[in-house]
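Each chain, written out:
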Amino acid sequence: MKNPAKSAPDGAPEDVNRRKLLSWLSGFGLFGSAVIAALANLIFIKPRVTYGAPNRFSIGKPEDFPPGARIALDTRRVCIVRDGDSLAAISTTCTHLGCIVAVSETGFACPCHGSHYDQDGNVTGGPAPRALSWYQLTLAPNGELVVDKDNEIEAGKYLKV
Ligand code: FES
C-alpha cells in the first residue's frame, strides 16, 4: 500500500524519473555485460601457449661441417653428416623410447637400452623398431644450412654443396 505522504502519484515527474533511471541502469548493465563477454571471447582468438623449439632452424654454413664430419647437435636432436660434398641431417632420437643416441664408431648407439644403428641410421641391434629419420636439409639464400624436422625424407638423399 502506498503512503500518499511519501510517494508521488502514478505518472508524477518523480516516478517517471525513477523509471528512466532504472531503465538506463539496466540497459547500461546489459551493454556492459555484452562488451565484457565480447572482449573475453576475443582473448581466446589468439592462443596463449608456448610452443617448443622450432622444427625448422639454421645450423650454420657448410664450411662448418668438414668432410667426414658427424656432428651431433643434441639440443636439436639431429646429427649433421658430411661425406665429401654431400650433407645430411639424421635424427638422434632413438626410435625405441626416444632417448638421444650418441655418435659411435659404427654409426649411432643408444645409451638407454642398447640399440645400435649404422652410419645411415639403419637398426643393427637392440630393441629399436625402425631406422633413424632423415630430415630435409636445404641451403638458404644467405648460404646457411637449414634443417626442417617437419619434413622427413628418404634415407640416403644427401644435399650436394
Ligand atoms: S630408448 Fe633407445 S634403445 Fe630404448
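Residues numbered from 1 in each chain as written. Predicted model: local features only at pLDDT ≥ 70, side-chain atom pairs only at ≥ 80, totals over all residues.

1. Some details on the overall build of the chain
Here is the rule we go by: To qualify as a helix, a DSSP run of H or I must reach at least 4 residues; to qualify as a strand, a run of E must reach at least 2; elements of each kind are numbered from the N terminus. When we talk radius of gyration, it's over C-alpha atoms, and the globule rule is simply 2.2 Å times the number of residues to the 0.38. The burial label depends on the number of other C-beta atoms within 10 Å of a residue's C-beta. Counts of 20 or more mean buried, 12 or fewer mean exposed, and intermediate counts mean partly exposed, with C-beta atoms placed from the backbone.
In terms of helices and strands, the chain carries one helix and 11 strands. The secondary structure elements of the chain, listed N-terminal to C-terminal, are α-β-β-β-β-β-β-β-β-β-β-β. For a compact globule of 161 residues, the expected C-alpha radius of gyration is about 15 Å, and the chain comes in at 34 Å, more than 25% above that figure. Taking the principal axes of the C-alpha coordinates as reference, the chain spans close to 105 × 40 × 20 Å. Within the chain, buried positions represent 16% of all 161 residues.

2. Examining the nonpolar core
Formally: Core membership is restricted to buried Ala, Val, Leu, Ile, Met, Phe, Trp, Tyr and Cys residues, and these are joined into a nonpolar core through C-beta atoms within 7 Å. Any two residues are considered in contact once their C-beta atoms, placed from the backbone, lie within 7 Å.
In terms of nonpolar packing, the biggest core is built from 20 residues, with Val78, Ile80, Ala88, Ala89, Ile90, Tyr135 and Leu137 touching the most fellow members. Taken together, the elements giving at least two residues each to this core come down to strand 3 (78-83), strand 4 (86-91), strand 9 (134-139) and strand 10 (145-153). Those residues within four positions of Ala88 in sequence are excluded, and the remaining contacts are Val81, Trp134, Leu137, Tyr158 and Leu159.

3. Section: the environment of Val81
As for its placement among the helices and strands, Val81 is situated in strand 3. Given 24 C-beta atoms within a 10 Å radius, Val81 is considered buried. Setting aside anything within four residues of it in sequence, one finds Val81 in contact with Arg70, Ala88 and Ile90.

4. A closer look at the pairing of strand 9
Put simply, the rule is: Any two strands are treated as partners once DSSP identifies two or more bridges connecting them.
Of the strand pairs in this sheet, strand 4 and strand 9 are connected by two bridges, and their pairing is antiparallel. Bridge pairing links Ala89 to Tyr135 in strand 9. Examined bridge by bridge, strand 9 and strand 10 share six bridges and lie antiparallel to one another. Across the sheet, Thr138 pairs through a bridge with Val146, a residue of strand 10.

5. Quick notes on unusual backbone geometry
If you check the backbone angles, Arg77 has positive phi at about 55 degrees while not being a glycine. Within the fold, Arg77 resides in the loop between strand 2 (70-73) and strand 3. Among the residues examined, Arg77 registers 17 C-beta atoms within 10 Å and is labelled partly exposed.

6. As for helix 1 (residues 13-43)
Using the following cut-off: For a helix, the expected span equals 1.5 Å multiplied by the number of residues minus one.
With 31 residues, helix 1 should reach 45 Å at 1.5 Å per residue; the first-to-last C-alpha distance of 45 Å fits that figure. Burial runs low along helix 1: only zero of the 31 residues are buried.

7. Looking at the sheet that holds strand 5 (residues 102-104)
Remark on secondary structure: sheet strands pair via backbone hydrogen bonds, oriented parallel or antiparallel. Reading across the sheet, the four strands line up as 5-6-7-8 and stay open at both edges, with antiparallel pairing between neighbours. A strand with exactly one partner marks an edge of an open sheet, and here the two such strands are strand 5 and strand 8 (123-125). With two bridges joining them, strand 6 (residues 107-109) and strand 7 (residues 116-117) adopt antiparallel strand pairing. Across the sheet, residue Ala109 finds its bridge partner in strand 7, namely His116.

8. Here we look at the domain arrangement of the chain
Here is the rule we go by: The split of the chain into domains comes from an automatic or database domain assignment.
Domain boundaries assigned for the chain yield domain 1 (11-49) and domain 2 (56-160). If you average the C-alpha positions of domain 1 and of domain 2, the two centres end up 60 Å apart.

9. Things to note about the confidence of the model for the chain
As a reminder of what qualifies: Residue-level confidence of the predictor is what pLDDT reports, using numbers from 0 through 100.
With 93% of its residues at a pLDDT of at least 70, the chain reaches an overall mean of 89. Within the chain, the lowest mean pLDDT, 88, falls on helix 1, and the highest, 97, falls on strand 7.

10. Description of the environment of Glu152
Here Glu152 is to be found in strand 10. We classify Glu152 as exposed; it has 12 C-beta atoms within 10 Å. Linking Glu152 and Cys94, residues 58 residues apart in sequence, is a C-alpha distance of 15 Å. Dropping the residues within four chain positions of it, Glu152 is found in contact with Ser133, Trp134 and Tyr135.

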